[in-house]
Amino acid sequence: MTLNGAAAEASPGSDTTAAELVRDELGLTGTKVACGAGVCGACTLLVDGTPTASCLLPATALAGRTVTTVEGLAGPDGLHPVQRAFAAHDGMQCGYCTPGFVVEAAAFVDRHRAEHGDTRPSRAEIADALAGHLCRCGAYEGIYAAVAAACAGEHDTESPLPPPRAEAEEKVTGRARYTTDVRPEGCWEAVLVRSTRAHARVAAVDAGGAVHVDLLGADRTVRYVGQPLLAVAAPTPAEARAAAERVAVDYRDLPAALDPAAAHHAGAPVVYPTREAQNAAPSNNEGPPLPGRWRGNLRGPSGFGWRGGTAVRRVKDAAKRGDRRLVAEVFRTGPQVHTALEPHACVARWDEHGDLHLHTSTQAVVGVAEAAAKRWGLPRERVHVTAEHVGGGFGAKGGLRVEVVAAAELARAAGAPVRLVFDRAEELTDAGHRPGARVELGLLADAKGDLAALTMDAYNDGGMSTGGMVATLGLLMYGNAPRRLRDFDVLTNRPPGAPFRGPGGAQFHWALEQGVDMMAERLGEDPLALRRRWDGNRKRRALYDWAAALPVWAERTRGAGTGRFRRGVGVAAANWIYLTDPATVVDLVVEDGAVVARSAVQDIGTGSRSVITDVVRTELGLPADRVRVGVGRSGWSYAPGSNGSRTTASIGPAARDAARALREEVRRRAPGAVSGSGALDPEALKSLEGTQAGGRRRRDRGGYLTPVALPGMGAPGRGLTGAVHVMEVEVDTLLGQVRPLRCWAGISAGRMYNDRLARNQCEGGVVQGIGYALYEQRRDDPVTGAVLTTNLEDYRIPGIGDTPEITVHFHEEGWEHVVGGGVGIGEVSTIGVAAAVGNAVHDATGWRPREVPIRPDRLLEGIGLK
Amino acid sequence: MNPFDYRRAEDAAGAAAMVADNPAAAFLGGGTNLVDHMKLGVAAPEVLVDITHLPMDEVEALPEGGVRIGANVRNSDLAAHPLIRRRYPVLSQALLSGASGQLRNLATTAGNLLQRTRCVYFQDTSTPCNKREPGTGCSALEGYQRYHAILGASPDCVAVHPSDMAVALTALDAQVVVQDAATERRVPIARLHRLPGEAPEHDTVLNHGDLITAVELPDMPMAVHARYRKVRDRASFAFALVSVAAAMSLGADGSVSDVRIALGGVAHKPWRALRAEEALRDGPATEERFAAAARAELAEARPLPGNTFKVALARSAITATLRQVHAEARGGDGHGGPGGHGEEQR
Ligand SMILES: Cc1cc2nc3c(=O)[nH]c(=O)nc-3n(C[C@H](O)[C@H](O)[C@H](O)COP(=O)(O)OP(=O)(O)OC[C@H]3O[C@@H](n4cnc5c(N)ncnc54)[C@H](O)[C@@H]3O)c2cc1C
Ligand code: SF4
Ligand code: FES
Ligand code: FES
């Protein structure tokens, strides 16, 4: 075949797909395999110029064809215009989907320009062309902009400006290397053997002579279908799969609790019968679990609030007298799966000194190094964790997970590097999920319309994991009226949850923010005005005022519409905490005439590289090519994991501190190299080789909410971030479909370190929230407990055509007490979105959705289709 | 995926013979369904006979007025073909509503017709399934049923046929041209796929080794106004919950002189809605009669506990599509009609 313009020879086995040939045999790892089933588009190649899903194409079919991969898109004059456009418009976050999008978009743009000249295609045309591609980060707004601009001929030459994202070029060319692309010489492949039973004691496991590691806990019990029992390794993937098939497991079946609605009833099979087993239950949250009593499969309540007795009494009395100012409602959500496009993966190797080397797709480089050091009894500096690029995380890639443990153990046993990569079915079953919840809400207003009481009981469905924290988040919203907030875990024999972008937040806001809307209706008050009144916080009031002034809100028609297609507008507010990690350090050194920053921080698509790059460039007045940033190695200076909205708020100030320290160091050595404005003379850097400085994350003014940083959490800062989402939808009342048309996202989280990247993240938050509201639903078999949605076609994340037009507004004031002036936005930008959709659907139809996803059948039933 | 022998046939009859002679052989079209099944372990052919280079890749007008579509024509090329877009737009619409660009570029006409059900249990080799392993039982009966049949199912299998294209072809009265090692024959599309009965392992009436070489569309003037409508859970690609292909012609007095209706997502085969057609033909084209026709078709529906909503959804979809094709047939723009508000496909 002709590959990227040159003749190429290969003799693949008949069982090889084109994607495997290109990646594994020809080493062109830009092409990604994220689903292996034709759904996601990450593997798209041009075959004779036509975009083709290479994961379902036998490699033999490439014989005699002309094949172009992402690596071959660039021409003699540099990158393809589409690649430049994706970089310039930041049509990416983690970048794992980017090669597929870029290859498809290149074909579309070339065709469009040939047929229509340099004109801008419509959003619908772009959506059609890219309908076969999924981006879990939700970078669709940037992708729309990039494709339109490339069609219009705006990127035919190199841009003089650096792209907003530091590593954009690596991502659009396929050069960015992810853990799944790492395959050292002599690397063995590992496969996890997983339980086929929902609940069983494992009497014996026969590994059939394979190199293996046992992964069962002390009580030799499996508690869900898909639980890893054992991992085997062999020199090739096919041999490893065969070895896994030979493993024989002797199960002694136990009755299983599969239905979260019935698991806490008397007589239900108990998931954790002993205290030890209970204590060993995994957590689906960050930080230490809240205390809670166990009764069978019910754990809790962990109670919070203030004047809880008063709140309960007021709600009860109001119910008795039938008070219209009481909203008492039950809301439901199901498990939502993170679905990062790069699966969980680890490549482990022990070197001749007994050091452990781990390449892993993680959102906690240092966390993995520390936990691995502890587990294998090594000093921390002898564990070397690398995560150069990470294809999304969303909370599911923290800590020392099974892929790391298994790969490292197997590497030791095999005496060779071992690679373990989840397939999509494993990823959709056992990589964690946002637990479902049944939320009982009580919201009471007094005669003046002020909040008189808030009660919330949340029954959290995290499978066999504990740690649900939904109702507890009631501490963050709407002033200090009396409230009782209780969280329960309902345990079942289903896979464990994991923290997911604002743990508990999406469930909580789905209930509360629809409840507040119902209250507004009862009080006959504008829903924004009510929130503004109840909230009281100055920063967030600015957001309410902004939202109230939006034409879509100010000019909306009140009351449910008529006719088949009905439009509605909904609003929802959200608050979140932010953390910082005062131990964060960024180191700078002058190397080869450039300032080089190094930090252990991972970049999971949220832009930590770019934050450091921007801060250093701006602070030192250097051009783009004089600042380089390395991230994602545990040996570099300490940085926290990417969760709890703390990465940016930690590394940004540390980078600034480091830049200032470096300037002082330069001034000391070569006073002439620093200009009056504090900029460094780029030419002088050559003679300053080796000059170094480190910077720390200093304390915020006023300190933190807690006197010391919490273990594994960092320090919660003062002040809550806030979001107000305004969503416009169109409901087809005949066929039950909800189409989000436009969304405005107002965010208060201080100054944005990098405006474009911050917007991108907020846009992605909207997309994920829409997925939660309308499509995403993990389904489990009611009889066996097995997850049924094991591919991306059955587990439905939003595509580009499902994305509304999104406008992001930042209210930056009010964060002057924070060093650097800005905090994280990852969580607050997504957790309220689903409630805004729910409120919009209600506005359109008069029907109140109480359960996500708002599927066509639920909607039709709700609005009374006969 | 298990290794297999990869072969290329010289001609259609030779290909048919190669497969017919070996129970473990299969034709390879675009591979988008078969390779997926091989990866999942649902299919494990030992020999794949690649037929994509055989000269069956033309779309041509037939002398009697119809159109002949070669079995190897790619879904994307078929959807874009001027003859199809002009004379059978419903087929283009159906194709474009399915899968995604980079799959349609691979998928062939014959492969699309013969793609197998997306029933999750069929695709999961660890669960019982009569279609995959006859006699093991049907997991869907007690399991997840949202995407399963409401018409024509049997206690042995409640799966649905997933093809959008086939629904349009059914409304168009297509003929499927089949070649075996010795002869060529034509099978009307409505008789190609089977109901499950007691043998759900057979999707179609074809024998092992029968090669589809072409699909022929009859001349059908009213097809110019035919429309395809697909209801799904997500705007981006997803298989149909329910879909409808319909065509209508009107007499001089505005009454329905002829009509074709086919449904997808409701049965083991693309479902020709003969009862609804019957109820409509030779009578006025009114909203009430559209609804009555939809009711007549679904009177026999036997939904499962997990998909009762599909009955009403199918009724709504039929009515809406009839309204739309009626407006088209009247020479309207499809935006008027009883609903008032825009009726365009979304
Ligand atoms: C992610 C995804 C989403 C999809 N969404 C949709 C959708 O929304 N709507 C829809 O309709 N379809 C959808 N599809 C299915 C897609 O349309 C089919 O996979 C495709 O049409 C099959 O064509 P193929 O040529 O690749 O068939 P192959 O996979 O090559 O073959 C399918 C079967 O047909 C047999 N076969 C092939 N050619 C012949 C022949 N000439 N004669 C006899 N037997 C033959 C093969 O042996 C095999 O059994 C989707 C597929 C995927 C992967
Ligand atoms: S419905 Fe048919 S395909 Fe699905 S499990 Fe039952 S027998 Fe198998
Ligand atoms: S990997 Fe091929 S489409 Fe997802
Ligand atoms: S950038 Fe698209 S999946 Fe992350």
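The rules behind the values
- Residues numbered from 1 in each chain as written.
- Chains lettered and ligands numbered in written order.
- Predicted model: local features only at pLDDT ≥ 70, side-chain atom pairs only at ≥ 80, totals over all residues.
- UniProt positions renumbered as here; feature names shortened; annotations may be inferred.
- Helix = DSSP H or I, 4+ residues; strand = E, 2+ residues; numbered from the N terminus.
- Rg over C-alpha atoms; globule rule 2.2 N^0.38 Å.
- Contact = placed C-beta atoms within 7 Å.
- Core = buried A, V, L, I, M, F, W, Y, C linked by C-beta atoms within 7 Å.
- Buried ≥ 20, exposed ≤ 12 C-beta atoms within 10 Å, placed from the backbone.
- Near = placed C-beta within 6 Å.
- Nonpolar A, V, L, I, M, F, W, Y, C, P; charged D, E, K, R; others polar.
- Axes fitted to C-alpha atoms, helices over the stretch in contact; angles between N-to-C directions.
- Left-handed = near helix turned anticlockwise from the far one by under 90°.
- Parallel < 35°, antiparallel > 145°, perpendicular 65-115°, else oblique.
- Pairing = 2+ DSSP bridges.
- Right-handed = clockwise from strand over helix to strand, strands pointing away.
- Arc of directions from axis to C-beta.
- Domains from an automatic or database assignment.

- The name that an unreviewed UniProt entry assigns to chain B is Xanthine dehydrogenase family protein subunit M, with the source organism given as Streptomonospora mangrovi.

- Per an unreviewed UniProt entry, chain A is named Molybdopterin-dependent oxidoreductase, and its organism is Streptomonospora mangrovi.
- Database annotation for chain A, UniProt heading Sequence similarities (unreviewed entry): "Belongs to the xanthine dehydrogenase family."

A closer look at the overall build of chain B
Moving on, step 1. When you go through chain B residue by residue, the secondary structure sums to 12 helices and 13 strands.
Moving on, step 2. Relative to the globule expectation of 20 Å for 346 residues, the C-alpha radius of gyration of chain B, 20 Å, shows essentially globular dimensions.
Moving on, step 3. Projected onto its principal axes, the C-alpha coordinates of chain B cover approximately 60 × 50 × 35 Å.
Moving on, step 4. Residue pairs at least 24 apart in sequence account for 63% of intrachain contacts in chain B once pairs closer than 6 positions are excluded.

Quick word on the nonpolar core
Moving on, step 1. Ranked by size, the top nonpolar core spans 404 residues in total, and within it Val147, Ala190, Ala231, Val232, Ala407 and Val418 of chain A carry the most contacts.
Moving on, step 2. Looking at this core, the element that brings in the most residues is helix H12 (residues 309-329) of chain B, giving 11 residues.
Moving on, step 3. Leave out the neighbours within four places in its chain, and alanine 231 of chain A touches Ala190, Val191, Leu192, Val193, His212, Val213, Leu215, Ala406, Leu410 and Leu420 of chain A.

A closer look at the site of ligand 1
Moving on, step 1. Taken together, 36 residues form the shell around ligand 1, and within it Gly29, Gly30, Gly98, Gly111 and Asn112 of chain B come nearest.
Moving on, step 2. Proximal residues around ligand 1 fall on chains A and B, making this an inter-chain site.
Moving on, step 3. If you list the elements that add at least two residues to the shell around ligand 1, you get strand E2 (25-28), helix H2 (34-40), helix H7 (109-114), helix H8 (164-171) and strand E8 (211-217) of chain B.
Moving on, step 4. For the shell around ligand 1, the element with the highest residue contribution is H7 of chain B, accounting for 4 residues.
Moving on, step 5. Its residues assigned to classes, the shell around ligand 1 shows 20 nonpolar, 13 polar and 3 charged.

Observations regarding the interface of chain B and chain A
Many descriptions give the size of an interface as the accessible area lost when the pieces come together.
Moving on, step 1. In this assembly, 41 residues from chain B lie in contact with 49 residues from chain A.
Moving on, step 2. Mapped onto the side of chain B that touches chain A, the elements with two or more residues apiece are strand E1 (5-8), H2, helix H6 (101-104) and H12 of chain B.
Moving on, step 3. For the side of chain B that touches chain A, the leading source of residues is H12 of chain B, giving 6 residues.

Observations concerning the packing of helix H3 (residues 98-116) of chain A against helix H5 (residues 140-151) of chain A
The relative placement of two packed helices comes down to the angle between their axes together with the axis-to-axis distance.
Residue and element names in this part refer to chain A.
Moving on, step 1. Relative to each other, H3 and H5 sit at 35°, their axes nearing to 9 Å. Note that H3 runs across H5; the crossing there is right-handed. Across from Phe101, Ala105, Phe108, Val109, His112 and Arg113 in H3, the residues of H5 making contact are Ile143, Val147, Ala150 and Cys151.
Moving on, step 2. Class assignment of the residues belonging to the contact of H3 with H5 gives a composition of 8 nonpolar, 1 polar and 1 charged.

A word on the site of ligand 2
Moving on, step 1. In the vicinity of ligand 2, 14 residues are found, and the nearest of them are Cys119, Tyr121, Cys129, Cys138 and Cys157 of chain B.
Moving on, step 2. When grouped by side-chain class, the residues that make up the shell around ligand 2 number 10 nonpolar, 3 polar and 1 charged.

Things to note about the packing of helix H2 (residues 81-88) of chain A against H3 of chain A
Residue and element names in this part refer to chain A.
Moving on, step 1. Look at H2 against H3: their axes get within 9 Å of each other, and the N-to-C directions meet at 125°. One finds that H2 runs oblique with respect to H3. Here the hand of the crossing between H2 and H3 comes out right-handed. Between H2, through Pro81, Val82, Gln83 and Phe86, and H3, the contact on the second element is made entirely by Thr98, Val102, Ala105, Ala106 and Val109.
Moving on, step 2. Of the residues assigned to the contact of H2 with H3, the class counts are 7 nonpolar, 2 polar and no charged.

Observations regarding the environment of aspartate 173 of chain B
Residues and elements named next belong to chain B.
Moving on, step 1. Position of aspartate 173 relative to the elements: it lies in the loop between H8 and strand E6 (175-179).
Moving on, step 2. On a C-alpha basis, the gap between aspartate 173 and threonine 286 in space is 25 Å, while along the polypeptide they are 113 residues apart.
Moving on, step 3. With residues near it in sequence (within four places) discarded, aspartate 173 still touches Pro218 and Met220.

A closer look at the pairing of strand E17 (residues 356-360) of chain A
Residue and element names in this part refer to chain A.
Moving on, step 1. Of all 5 residues that make up E17, 4 are buried, and the element is covered over most of its length.
Moving on, step 2. Pairing between strand E16 (residues 345-350) and E17: 5 bridges, direction antiparallel. Along E17, the bridge assignment pairs alanine 348 with leucine 358.
Moving on, step 3. Of the pairings in the sheet, the one linking E17 to strand E18 (residues 383-386) comprises 4 bridges and is parallel in character. Counted as the bridge partner of leucine 356 is valine 383 from E18.
Moving on, step 4. A crossover connection joins E17 to the parallel E18 through helix H10 (residues 365-375); in handedness this β-α-β unit is right-handed.

Observations concerning helix H7 (residues 237-246) of chain A
Moving on, step 1. Within the sequence span of H7 of chain A, burial applies to Ala240, Ala243 and Ala244 of chain A. The arc enclosing the buried residues of H7 of chain A, seen along the axis, measures out at 100°, which places them on a common side.

A short note on the sheet that holds strand E26 (residues 585-591) of chain A
Pairing between sheet strands relies on hydrogen bonds along the backbone, with the strands arranged either parallel or antiparallel.
Residue and element names in this part refer to chain A.
Moving on, step 1. Spatial ordering of the open sheet is given by E28-E27-E26-E29, a layout of 4 strands whose pairing is mixed. The open sheet has two edge strands with one neighbour each: strand E28 (627-631) and strand E29 (692-696). The average undirected angle you get between the axes of adjacent strands in this sheet is 20°.
Moving on, step 2. Both E26 and strand E27 (residues 594-599) contribute to a ladder of 5 bridges, which runs antiparallel. Within E27, the residue paired with leucine 588 across the bridge is alanine 597.
Moving on, step 3. Here helix H17 (residues 608-620) sits on the sheet in contact with E26, E27 and E28, set at roughly 150° to E28.
Moving on, step 4. Here helix H18 (residues 647-669) sits on the sheet and contacts E26, E27 and E29; the angle it forms with E29, its principal contact strand, is near 145°.

A word on the domain arrangement of chain A
Residue and element names in this part refer to chain A.
Moving on, step 1. One can read the domain layout of chain A as domain 1 (2-175), domain 2 (280-338 + 433-518), domain 3 (345-413 + 423-430), domain 4 (526-578 + 719-862) and domain 5 (580-715).
Moving on, step 2. Computed over C-alpha atoms, the centres of domain 1 and domain 5 are 33 Å apart.
Moving on, step 3. The interface of domain 1 with domain 5 comprises 9 residues on the first partner and 8 residues on the second.
Moving on, step 4. Here the residues of the side of domain 1 that touches domain 5 sort into 5 nonpolar, 2 polar and 2 charged.

Quick look at the UniProt feature "domain: FAD-binding PCMH-type" (unreviewed entry) in chain B
Moving on, step 1. Mapped onto this numbering, the UniProt entry annotates "domain: FAD-binding PCMH-type" (unreviewed entry) at residues 1-222 of chain B.
Moving on, step 2. Counted over residues 1-222 of chain B, helix gives 26% and strand 16%. Its end C-alpha atoms are 46 Å apart.

Focus: the sheet that holds E16 of chain A
Residues and elements named next belong to chain A.
Moving on, step 1. Reading across the sheet, the 7 strands line up as E8-E10-E6-E19-E16-E17-E18 and stay open at both edges, with mixed pairing between neighbours. The sheet terminates laterally at strand E8 (211-214) and E18, the two strands that pair on one side only. The average angle at which neighbouring strand axes cross in this sheet is 20°, direction not considered.
Moving on, step 2. The strands touched by helix H11 (residues 402-414) are strand E6 (188-194), E8, strand E10 (228-234), E16, E17 and strand E19 (418-421); relative to E16, the strand with the most contacts, the crossing angle is about 30°.

Description of the environment of tyrosine 147 of chain B
All names here are of chain B.
Moving on, step 1. If you trace the backbone, tyrosine 147 turns up in the loop between H7 and H8.
Moving on, step 2. Tyrosine 147 sits in the buried class, given 24 other C-beta atoms within 10 Å.
Moving on, step 3. With near-sequence residues (within four places) excluded, tyrosine 147 lies in contact with Arg118, Val160 and Phe239.

A few points about the environment of leucine 280 of chain B
Moving on, step 1. Along the chain, the position of leucine 280 of chain B falls in helix H10 (residues 274-280).
Moving on, step 2. Filtering out sequence-adjacent residues up to four positions away, leucine 280 of chain B remains in contact with Val256, Val259, Arg289 and Ala293 of chain B.

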